Amino acid sequence: MSACPFSEPSFPMARQCPFLPPQEYRDYQQQPGPVKVRMWDGRHAWLFTRYDDVRAVLGDNRFSGNPAEPGFPSLSEARNAVLDLPPAFIRMDPPQHGHFRRMLTKEFMIKKVSAMRPMIESIFDRLLDDLLRKGPPANLVEDLFLPLTSEVIAWLLDVPRKDHGFFQEQSRLKVLLDVGPEVPKAASERILGYLDTLITERSKDAETREDLLSRLIVEQVRPGHLSHRELVIMAELLLMAGHETTANQMALGVYSFLTNPDQLALLRSDPTLLRGAVEEMLRLHTIVHYNAFRVAMEDVEVAGQLIRKGEGVIALIAGANHDATAFPNPEKFDITRKAEHHVAFSYGIHQCLGQPLARVELQVVFGKLFERIPTLRFAVPQDQIEGKGDHFVQGLQTLPVTW
Ligand code: HEM
């Protein structure tokens, strides 16, 4: 409950354990309806943490995800700066949202992404070969996971390999929360500028190429369904959403296995548990913590609470994924749990478009990593492994390992 019973709790709340959502979410789940919280700018928002309520809010299009709507809750100045930039469809409401999202649906269909599995496996094998050749110790975030996820998304967009370091760094800067607003804004502008040039170049011979950007140029830009600028913004969303998230999830997945050797032994004894293990790590860590900010576009009642038009709402998927009524004993990493109904990829119209790709990447990594490096272990005492703290996307600062 709130530390002071006479005032609303402040949001965001600090984590007591870097690897679990704040204890307050579990407390709030004991009472019906949302909790009124105070944001950094003194305004209020309704906080939902229960599984059913979070899905009710995210599945209801009377709540807008457009930060330009009056009353949209603000997380921090740095986040405001990002939200002030020209919006991609992740921040749009219907019907505009569907217009853009539909242009990409076929690119991320399960069948299409499954066909990418051999390519992802071969990139991962090559990176693992390099890592083993160099020998221990290694930082798995920088030496393995970021290179893997950036190569995959860069392959999809056909971004030159020499530029991977550049967009990894800009993506990292864009999701920092505890910096001045100029930091994420400048990072975003640098990526947009880079993509603007890339797409201008690509337009010259798009017909002869097979990457996703070329297809969008030919099928959407040329017939006038999508402007050059809109394509630049869409490409930035894919580049951003596509690698930092998945790399962070991989690092936290390794952390979970190394701190739960019984679960690792279980996976090694029965590889059919792999898919369930991936769903369980997505649920447990719910790395995209602050995505689901919304504002009511009309009066709406949820869980017995009337939310008035113009009031802000936060539907916490991390809370939902730790609701004991949906996931008994939620703090336990249990790869035999049936966790597929988790909402780590959100819920409703903004549910992650890239989830089939993220799943395949995670399955490739956890299907191979401990097989190829059976003696993998932390290179420092476990309590020195640091979580990312108050980042928009949860993860590990570094993952020092040896073998
Ligand atoms: C473990 C990895 C990932 C996680 C946990 C994750 C999580 C999420 C979440 C929670 C949302 C909803 C955001 C919101 O409502 O503001 C989202 C949206 C999105 N994600 Fe992911 N994501 C992951 C990987 C990817 C990948 C690999 C891509 C592919 C390029 C991708 C592309 C997108 C896009 C385009 C959206 C916007 C969808 C829309 O608004 O219609 N994500 N993701």
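- If you check an unreviewed UniProt entry, the chain appears there as Ferredoxin from Caballeronia choica.

Some thoughts on the overall build of the chain
Here is step 1 of the chain: Along the backbone of the chain there are 15 helices and ten strands.
Here is step 2 of the chain: In summary, the chain has a C-alpha radius of gyration of 21 Å against a globular reference of 22 Å for 403 residues, a match within 12%.
Here is step 3 of the chain: Principal-axis analysis of the C-alpha atoms places the extent of the chain at approximately 60 × 55 × 40 Å.
Here is step 4 of the chain: Going through the 403 residues of the chain one by one, you find that 55% of them count as buried.

Considering the site of the ligand
Here is step 1 of the chain: Around the ligand, the structure places 29 residues, and the nearest of them are Ile90, His97, Arg101, His350 and Cys352.
Here is step 2 of the chain: The separation between an oxygen atom of the ligand and a polar side-chain atom of Asn291 is 3.3 Å.
Here is step 3 of the chain: Contact distances for the ligand include 2.6 Å between an oxygen atom and a side-chain N or O atom of His350.
Here is step 4 of the chain: Mapped by element, the contributors of at least two residues to the shell around the ligand are α4 (96-105) and α11 (228-259).
Here is step 5 of the chain: Ranked by the residues each element gives to the shell around the ligand, the list is headed by α11, at seven residues.

Notes on the side chain of His350
Here is step 1 of the chain: Note that His350 resides in the loop between α14 (317-320) and α15 (355-372).
Here is step 2 of the chain: Of the residues examined, His350 reaches a relative accessible area of 15% and is grouped as buried.
Here is step 3 of the chain: Polar contacts involving the side chain of His350 include one to the side chain of His97, which spans 3.5 Å.
Here is step 4 of the chain: If near-sequence neighbours (up to four positions away) are discounted, His350 is found in contact with Phe89, Ile90, Arg91, Met92, His97, Arg101, Arg294 and Phe345.

Description of unusual backbone geometry
Here is step 1 of the chain: Put simply, Phe11 and Pro12 share a cis peptide bond, and its omega is 5 degrees.
Here is step 2 of the chain: Cis geometry is adopted by the peptide bond preceding Pro95, which originates at Pro94 and carries an omega value of 0 degrees.
Here is step 3 of the chain: Among the structural elements, Pro95 can be located in the loop between α3 (77-83) and α4.
Here is step 4 of the chain: Here Thr286, not a glycine, exhibits a phi torsion of approximately 35 degrees, which is positive.
Here is step 5 of the chain: Mapping Thr286 onto the fold places it in the loop between α13 (274-285) and β5 (293-296).
Here is step 6 of the chain: Overall, the relative accessible area of 1% leaves Thr286 in the buried class.

Considering the coordination of the iron atom of the ligand
Here is step 1 of the chain: A lone protein donor binds the iron atom of the ligand: Cys352 (SG), at 2.3 Å.
Here is step 2 of the chain: Topologically, Cys352 is positioned in the loop between α14 and α15.

As for the nonpolar core
Here is step 1 of the chain: Phe11, Leu140, Phe145, Val254, Phe257, Leu369 and Leu399 are the most contacted members of the largest nonpolar core, which has 112 residues in total.
Here is step 2 of the chain: Looking at this core, the element that brings in the most residues is α11, giving 17 residues.
Here is step 3 of the chain: In contact with Phe11, other than residues within four places in its own chain, are Tyr25, Val37, Arg38, Met39, Trp40, Leu47, Leu75, Tyr290, Phe293, Ile314 and Leu316.
Here is step 4 of the chain: Counting 20 residues, the second largest nonpolar core, distinct from the first, contains Ala296, Ile317, Ala326 and Phe327.

Analysis parameters
- Residues numbered from 1 in each chain as written.
- Predicted model: local features only at pLDDT ≥ 70, side-chain atom pairs only at ≥ 80, totals over all residues.
- Heavy atoms only, no water.
- Helix = DSSP H or I, 4+ residues; strand = E, 2+ residues; numbered from the N terminus.
- Rg over C-alpha atoms; globule rule 2.2 N^0.38 Å.
- Buried < 20%, exposed > 50% of the residue type's maximum accessible area, 1.4 Å probe, protein only.
- Near = heavy atom within 4 Å.
- Polar contact = N/O pair within 3.5 Å; in protein donor to acceptor, adjacent residues only side chain to side chain.
- Contact = heavy atoms within 4.5 Å.
- Donors = N, O, S within 2.8 Å, 3.2 Å for Na, K, Ca; no water.
- Core = buried A, V, L, I, M, F, W, Y, C linked by side-chain atoms within 4.5 Å.

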